[in-house]
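# Analysis of the macromolecular model
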Amino acid sequence: MYDLLLKGGLIVDPKNGIEDIMDIAITGSKIAEVASEIDARKAKVAINVSGKIVFPGVIDTHVHLRRLGYRMVAKAGVTTALDMGSPAKEIIEDLKVYGSGINVAFLTNIRTYYPNAGADLTDSQIEEAVDRALSEGALGIKITGGHRPFTPKTTAKIIEECNRQMAYIAFHVGTTETGSDLNGLIEAVELAGSNGLHIAHINSYCRGLIKDPIVEALEALKHLRGKRNIASESYLALINGTSGKCENGVPVSRVTRNCLRMRGYPETFDGIKQAILDGYAHVNVKAGGEVMLVTGEDGVKYWLEAETDITLSFPVNDPEAQIVLATAKDSGGEFIIDAISTDGGAIPRNVAIEKGMLLVKFGALSLSELAVKLSLNPARMLGLESKGHLGVGADADVTVVDPSTCKACMGIARGEVIMINDIVVGRGGCILTTERGREAIERANVPYKVIDLSKTKIYSR
Ligand SMILES: [Zn+2]
């Protein structure tokens, strides 16, 4: 007896070469059968998904969960997410309270361990941080150079040490010598050398700070093409997410200062205030279990209530550059940027499926190519061989999309329905950790699965 049967959907599973109307049966947490007709009498529950598209569960390789993000990503159809920056304690506690049933992997921001550090860390500080992140259950480390940079030397050393300990390493580019822009991206590729590195949200370095955004996008692709040691993603939202925090009248984040400069605002407290009043800066406000964007006088009020320490979003991403980056392939037919991500979660821009479907309607991607960008390639990036496809024995992670709205209408993780028609019904979740984190996660008493980082794209060359 199957536990769950999805009948009559258009199954899009590029790994197994399927794009056809078929039935798919689930037993426990695994895919049990895929066939053109499966008898509903053999299933405890059958759901008619005719007219819908059935994708392998969407894996978002760049999110910030921060409590409300668990629900927000599940609502958007995501079944597995890589959180970029949270410490283990936060992920473990939040999964229990805010978990929406998704699978969660996470990287810890190295500055979490040294909040008062300047632009340099010692070799032993770096070694300890990487060791600690892994032993706490993270897959590895995030460097947020674009916001608070390290020197090139320290940045390269962090990448090297992660490679030595085989910890996953992701980098929001920028050092004391560059910034969160095309030059930072070029420098990041150089700093990696032959080491493995995940470069975050490529589109955010192509905002036209140095050249025309399209020219920047094409140059970014030139530097990433053929780099088998580098994994990357880009997202398809107009807005970014950055810190509104000011110290001594100045925004702490360099990204925030960039955003102000782009529209001619002073890079100061007053510049942010005016940008919020004008509707250029959007304050990320928690309301009704989600995060909303608020501008104008209300926005200023919430920003001041938070003593400026609250996330801001600016509409700074160039849509044309984003399309170029999301669709570009190399001569072998592989996508140069592996995945479409969101950099969303608690930042309200979980639009990978919706915008990806619009690219399909536009003719820029086929449905199978979208499945590659949203699920198969992300699974390869993280070395998740039982995800990213719908073959028999694969994890029963499924995202059902309504082509008329371009949005997900059902999410299934480990065989359980976690979202249906915008209502998130999943609870808890499953942490993806490494052998070195097993003990800590087991002690925390949350469900987990051990994965092998030697199979990730950045380490499996
Ligand atoms: Zn991010």
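Heads up: these notes are all about the structure in this document. Along each chain, residue indices are assigned from 1 in the same order as the chain's sequence is written. Reporting of local features is limited, given that this is a predicted model, to residues whose pLDDT is at least 70; pairs of side-chain atoms are given and counted only at 80 or more, and all residues count toward the totals for whole chains, interfaces and linings. Excluding hydrogens and water, the side-chain values take into account all heavy atoms of the structure.

## Thoughts on the sheet that holds strand 17 (residues 290-294)
Criterion used throughout: strands pair if DSSP finds at least two bridges between them. Strands here are runs of E lasting at least two residues and helices are runs of H or I lasting at least four, both read from the DSSP assignment and numbered beginning at the N terminus. Strand order in the open sheet made by the four strands is 13-18-16-17, with antiparallel pairing throughout. The outermost strands of the open sheet, each flanked by one partner alone, are strand 13 (242-243) and strand 17. For strand 13 and strand 18 (residues 311-313), the ladder comprises two bridges, and the chain directions are antiparallel. Looking at strand 18, one finds that S243 is bridged to T311. Any two residues whose heavy atoms approach within 4.5 Å are treated as being in contact. All axes are obtained by fitting lines to C-alpha atoms, using only the stretch in contact for helices, and the reported angles, taken between N-to-C directions, cover 0 to 180 degrees. Lying on the sheet, helix 9 (residues 296-305) is in contact with strand 16 (282-287), strand 17 and strand 18; it crosses strand 16 at an angle near 70°.

## A look at the pattern of salt bridges
Salt bridges are defined as contacts in which a side-chain nitrogen from Lys or Arg sits within 4 Å of a carboxyl oxygen from Asp or Glu. Counting across every chain of the model gives 25 salt bridges. A salt bridge links K387 to D397; its shortest N-O distance comes to 2.7 Å. Linking K387 in the loop between helix 12 (367-381) and strand 21 (398-402) with D397 in the loop between helix 12 and strand 21, this pair joins segments that are 10 residues apart in sequence. For K387, a relative accessible area of 6% corresponds to the buried category. To sort residues, take the accessible area from a 1.4 Å probe on protein chains only and compare it with the maximum for the residue type: under 20% means buried, over 50% means exposed, and anything in between is partly exposed. Classification of D397 by relative accessible area gives buried; the value is 4%. Linking D395 and K449 is a salt bridge whose minimum nitrogen-to-oxygen distance equals 3.0 Å. Residue D395 is located in the loop between helix 12 and strand 21, and its partner K449 is located in strand 26 (residues 448-450); the two are separated by 54 residues in the primary sequence. Via salt bridges that share partners, K30, K387, D395, D397 and K449 belong to a single interconnected network.

## A word on a nonpolar patch on the surface
A surface patch of nonpolar side chains, amounting to about 240 Å² of accessible area, comprises I420, I423 and V425. For V425, the location among the structural elements is in the loop between strand 24 (423-424) and strand 25 (428-433). Exposure above 30% relative accessible area and the absence of a salt bridge qualify a residue for a patch, where like charges join within 9 Å and nonpolar side chains (Val, Leu, Ile, Met, Phe, Trp, Tyr) within 5 Å. Each accessible area is a Shrake-Rupley estimate made with a 1.4 Å probe; only the visible protein chains count as cover when residues are assessed.

## A short note on the pairing of strand 7 (residues 78-85)
Extensive coverage of strand 7 is indicated by the burial of eight of its eight residues. Inspection of the sheet shows strand 6 (residues 58-64) paired to strand 7 by four bridges, in the parallel sense. Within strand 7, the position partnered with I59 by the bridge is T80. The handedness rule is simple: strands pointing away from the viewer, and a clockwise path from the first strand over the helix to the second, make the crossover right-handed. Note on the crossover from strand 6 through helix 1 (residues 69-75) to strand 7: the handedness is right-handed. With helix 2 (residues 88-98) bridging strand 7 and the parallel strand 8 (residues 100-109), this β-α-β connection has right-handed handedness.

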